[in-house]
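Coordinates in review
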Amino acid sequence: MSVVPTSFACERAREQVSLSLDGELSELERRLLDAHLARCGACQAFAQEVVAFTEALRAAPLEAVREPIVVERRRRLPLGRVQVAAAAALAFLAVGLAGQLSASSEQRPALSRFDDSPNLSPPASVLEREQAILSVVRPGTTLPPPGSVL
Ligand SMILES: [Zn+2]
């Protein structure tokens, strides 16, 4: 069998021989191939060998596989790490949203979680004195001397 085609026309004809065996040639391509094979002995010999080999291969009985064929999965480490991180972020987000939804479904005011906390605000008397000081002292003015009564 001549493996190396001698010209572009021969190369195309040998590709068409293969396509013809699979029934993938149009009528025009089939006639062009036949015309080339009629005048090119090398391609005609190539076609006869390929057709005979293909017919023998297709006629051969199928063989059972004696050992199992194992195809190993490709390792995808970088992408796998990204997927794990994304899944963890989504899980964290889902837990946070679930917590927010369950808290809001209880119809509690937003500050109710501070009900049991100690009150750190100063007494009302202290707030009133601070308001009195702020009413007298303005930005840019000097402070009264320590111990003076407002
Ligand atoms: Zn040829």
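Above: the structure in question.
Cut-offs applied
Along each chain, residue indices are assigned from 1 in the same order as the chain's sequence is written. Where totals are concerned, whole chains, interfaces and linings use all residues; where local detail is concerned, this predicted model gives features only for residues with pLDDT of at least 70, and gives and counts side-chain atom pairs only at 80 or more. Heavy atoms from the whole structure form the basis of all side-chain values; hydrogens and water molecules are not counted. For the purposes of this entry, the term helix denotes a DSSP run of H or I that reaches at least four residues, the term strand denotes a run of E that reaches at least two, and both are numbered from the N terminus. Per-residue accessibility, obtained with a 1.4 Å probe over protein chains only, is compared with the maximum for each type, and a residue is labelled buried under 20%, exposed over 50%, and partly exposed between these values. In what follows, a contact means two residues having at least one pair of non-hydrogen atoms within 4.5 Å. For helices, the fitted line uses only the C-alpha atoms of the stretch in contact; every axis is such a line through C-alpha atoms, and the angle between N-to-C directions lies from 0 to 180 degrees. Angles below 35 degrees are treated as roughly parallel, those above 145 as roughly antiparallel, those between 65 and 115 as roughly perpendicular, and all remaining angles as oblique. Throughout, a crossing is termed right-handed when the near helix is turned clockwise from the far one, and left-handed when it is turned anticlockwise from it by less than a right angle. The classification used treats Ala, Val, Leu, Ile, Met, Phe, Trp, Tyr, Cys and Pro as nonpolar, Asp, Glu, Lys and Arg as charged, and all other residues, Gly among them, as polar. Between the first and last residue of a helix there are one fewer steps than residues, each counted as 1.5 Å, and that sum is the expected span. Starting at the helix axis, one direction is taken to each C-beta atom, and the arc is that of these directions.

Bringing the overall build of the protein chain into the picture now. When its secondary structure is counted, the protein chain shows five helices and zero strands. When the helices and strands of the protein chain are placed in sequence order, the string is α-α-α-α-α. Counting the 150 residues in the protein chain, one finds 11% classified as buried. Considering only contacts within the protein chain whose residues lie at least 6 apart along the sequence, 45% involve residues at least 24 apart.

Packed helices, taken two at a time, are described by the angle between their axes plus the distance between the axes. Viewed as axis vectors pointing N to C, helix α1 (residues 8-21) and helix α2 (residues 27-39) meet at an angle of 125 degrees, and their least axial separation amounts to 10 Å. Taken together, the axis directions place α1 and α2 in an arrangement best described as oblique. For the crossing formed where α1 meets α2, the hand is left-handed. Of α2, the residues touching α1 (which contributes Ala9, Cys10, Ala13, Gln16, Val17 and Ser20) are Glu29, Arg30, Leu33 and His36. For the contact of α1 with α2, the class distribution of residues is five nonpolar, three polar and two charged.

Right, let's get into the environment of Leu19. If you trace the backbone, Leu19 turns up in helix α1. When its relative accessible area of 33% is taken as the criterion, Leu19 is described as partly exposed. Linking Leu19 and Glu29, residues ten residues apart in sequence, is a C-alpha distance of 9.9 Å.

Bringing helix α3 (residues 41-59) into the picture now. With 19 residues, α3 extends 27 Å between its outermost C-alpha atoms, agreeing within 8% with the 27 Å of an ideal straight helix rising 1.5 Å per residue. The set of residues buried in α3 consists of Cys43, Phe46, Ala47, Val50 and Thr54. Each buried residue of α3 lies within a common arc of 100 degrees when the element is viewed along its axis, so the set occupies one face. Exposed side chains of α3 directed beyond 90 degrees from the buried face belong to Gln48, Glu55 and Ala59. Where α3 is buried, its residues contact α1 and α2.

Nothing here speaks to function; it is all geometry.
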